[in-house]
Amino acid sequence: MLSERRLQVLRAIVQDYVGTEEPVGSKALTERHNLGVSPATVRNDMAALEDEGYIAQPHTSAGRIPTDKGYRLFVDKLAGVKPMTAPERRAIQNFLDGAVDLDDVVARTVRLLAQLTRQVAVVQYPSLTRSTVRHVELLSLAPARLMLVLITDTGRVEQRMVDCPAPFGETSLADLRARLNSRVAGRRFTDVPRLVEDLPEAFDVEDRGTVSTVLSSLLETLVEENEERLMIGGTANLTRFGHDFPLTIRPVLEALEEQVVLLKLLGEAGDSGMTVRIGHENAYEGLNSTSVVSVGYGSGGEAVAKLGVVGPTRMDYPGTMGAVRAVARYVGQILAES
């Protein structure tokens, strides 16, 4: 275990390097921070931190910079989450409150996160596997043609045309709508097939074919929309950090184009806690020079998806974690109210 003083020295090195982009020397540390010890003692502490792999010397004449291991200790032990100021919180709320539908919520969230953190923002659409049915609407378009509208608890709306095997009257349609909603409203998508399998038997023989067709269409909608979707924004922010990527920015940009990679990075959506992956903790090689800060968001305390940011390991972790957490909280509130 590192002594309290060495932890203080590490904290100061991380803060200075993130703030100045310059390797940090012992003289600068003692001048900028009230460490209460001489530069010689700080030099000894830095030598010990280097021996243990928390900091490294990028080239012979320079000061020291944090390693992935150093950033990890900083995030786990030393960095509190920096709260947003009241004006920042109001700005977030006002910006997100203007959203008209789920696509707009996701698009605004991406833009907001990228602006607040000046990193690349990634927002996962609410997963339908973790969603519940709010309402199923059935509308008659012609005697043998219906529109099925599925509305989820996260405000997602899916529409589908249904061609019926025979004309279907308004009375039968109202009956089907009522019976269907009484079974599936408020229930998880994954439960729906079991809940409706015997529904056709509740109808007259001549209507059962149409009821089965409508149910098939509903179940297809649930399966089709099960695909995970992402929105990404702020990629241009990476160009400001050119010197933070050892050789070239290209591997990072290529990784960001891989949706599967990003979904893995964000982690399991059901896990709503804050996750910070630093440097080589990212399994994908192209992202070894980046850090990923992600958190779950959702309505009613349960995470339905993840959002987060990708940036260089030389990141303002307390500020980034605070922004990601605050935005996730507001998005959750909007979903709960929608």
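It should be emphasised that the depicted structure is a prediction, and the values quoted were computed from it without experimental measurement. (Residues numbered from 1 in each chain as written. Predicted model: local features only at pLDDT ≥ 70, side-chain atom pairs only at ≥ 80, totals over all residues. Heavy atoms only, no water.)

1. Details of the overall build of the chain
Then, number 1: A count of helices and strands for the chain gives twelve helices and ten strands.
Then, number 2: Scaling as 2.2 N^0.38, a compact globule of 338 residues should have a C-alpha radius of gyration of about 20 Å, whereas the chain reaches 26 Å, well beyond that.
Then, number 3: Overall size of the chain, expressed as C-alpha extent along the three principal axes, is 90 × 40 × 35 Å.
Then, number 4: The buried share of the chain, reckoned over its 338 residues, is 49%.
Then, number 5: In the chain, of all internal contacts separated by at least 6 residues, the share reaching a separation of at least 24 is 61%. (Helix = DSSP H or I, 4+ residues; strand = E, 2+ residues; numbered from the N terminus. Rg over C-alpha atoms; globule rule 2.2 N^0.38 Å. Buried < 20%, exposed > 50% of the residue type's maximum accessible area, 1.4 Å probe, protein only. Contact = heavy atoms within 4.5 Å.)

2. Here we look at the sheet that holds strand S7 (residues 230–233)
Then, number 1: Taken together, five strands build an open sheet; the order of strands is S7-S3-S10-S9-S8 and the sheet is antiparallel. Of all the strands in the sheet, the pair left with one neighbour each is S7 and strand S8 (275–278). For this sheet the average axis-to-axis angle between neighbouring strands, irrespective of direction, equals 15°. (Pairing = 2+ DSSP bridges. Axes fitted to C-alpha atoms, helices over the stretch in contact; angles between N-to-C directions.)

3. Details of the side chain of Asn181
Then, number 1: Mapped onto the fold, Asn181 is located in helix H7 (residues 170–184).
Then, number 2: At 3.4 Å, the side chain of Asn181 forms a polar contact with the side chain of His135.
Then, number 3: Aside from chain neighbours lying at most four places away, what touches Asn181 is His135 and Val136. (Polar contact = N/O pair within 3.5 Å; in protein donor to acceptor, adjacent residues only side chain to side chain.)

4. Some details on the packing of helix H1 (residues 4–20) against helix H3 (residues 39–51)
Then, number 1: Here H1 crosses H3 at 85°, and the two axes come no closer than 10 Å. When the axis of H1 is compared with that of H3, the two are roughly perpendicular. Contacts between H1 and H3 pair Arg5, Arg6, Val9, Leu10 and Ile13 from the former with Thr41, Val42, Asn44, Asp45, Met46, Ala48 and Leu49 from the latter.
Then, number 2: Partitioned by chemical class, the residues of the contact of H1 with H3 number seven nonpolar, two polar and three charged. (Parallel < 35°, antiparallel > 145°, perpendicular 65-115°, else oblique. Nonpolar A, V, L, I, M, F, W, Y, C, P; charged D, E, K, R; others polar.)

5. Overview of the side chain of Thr117
Then, number 1: Mapped onto the secondary structure, Thr117 falls in helix H6 (residues 102–117).
Then, number 2: On the accessibility criterion, Thr117 (11% relative accessible area) is buried.
Then, number 3: For Thr117, the side chain forms a polar contact with the main-chain oxygen of Leu113, separated by 2.7 Å.
Then, number 4: Excluding residues that lie within four positions of it along the chain, Thr117 makes contacts with Val309, Thr320 and Ala323.

6. A few points about unusual backbone geometry
Then, number 1: Residues other than glycine seldom take positive phi values, yet Glu21 does so here, at roughly 65°.
Then, number 2: Mapped onto the secondary structure, Glu21 falls in the loop between H1 and helix H2 (26–32).
Then, number 3: Take Glu21: its relative accessible area is 36%, and that puts it in the partly exposed class.

7. A short note on the packing of aromatic side chains
Then, number 1: The final tally for this structure, using the stated rule, is one aromatic pair.
Then, number 2: On the numbers, 5.6 Å between centres and 50° between planes, the contact of Tyr71 with Tyr317 is tilted. Of this pair, Tyr71 sits in helix H4 (residues 68–78) while Tyr317 sits in helix H12 (residues 317–337), and the two are 246 residues apart along the sequence.
Then, number 3: Here Tyr317 falls in the buried class, since its relative accessible area comes to 0%.
Then, number 4: In this arrangement the basic side chain of Arg229 is found over the ring face of Tyr125, its NZ or CZ atom lying 4.0 Å from the centre. (Phe/Tyr/Trp six-rings, centres within 6.5 Å; stacked < 30°, edge-to-face > 60°. Lys NZ or Arg CZ within 6 Å of the ring centre and 35° of its normal.)

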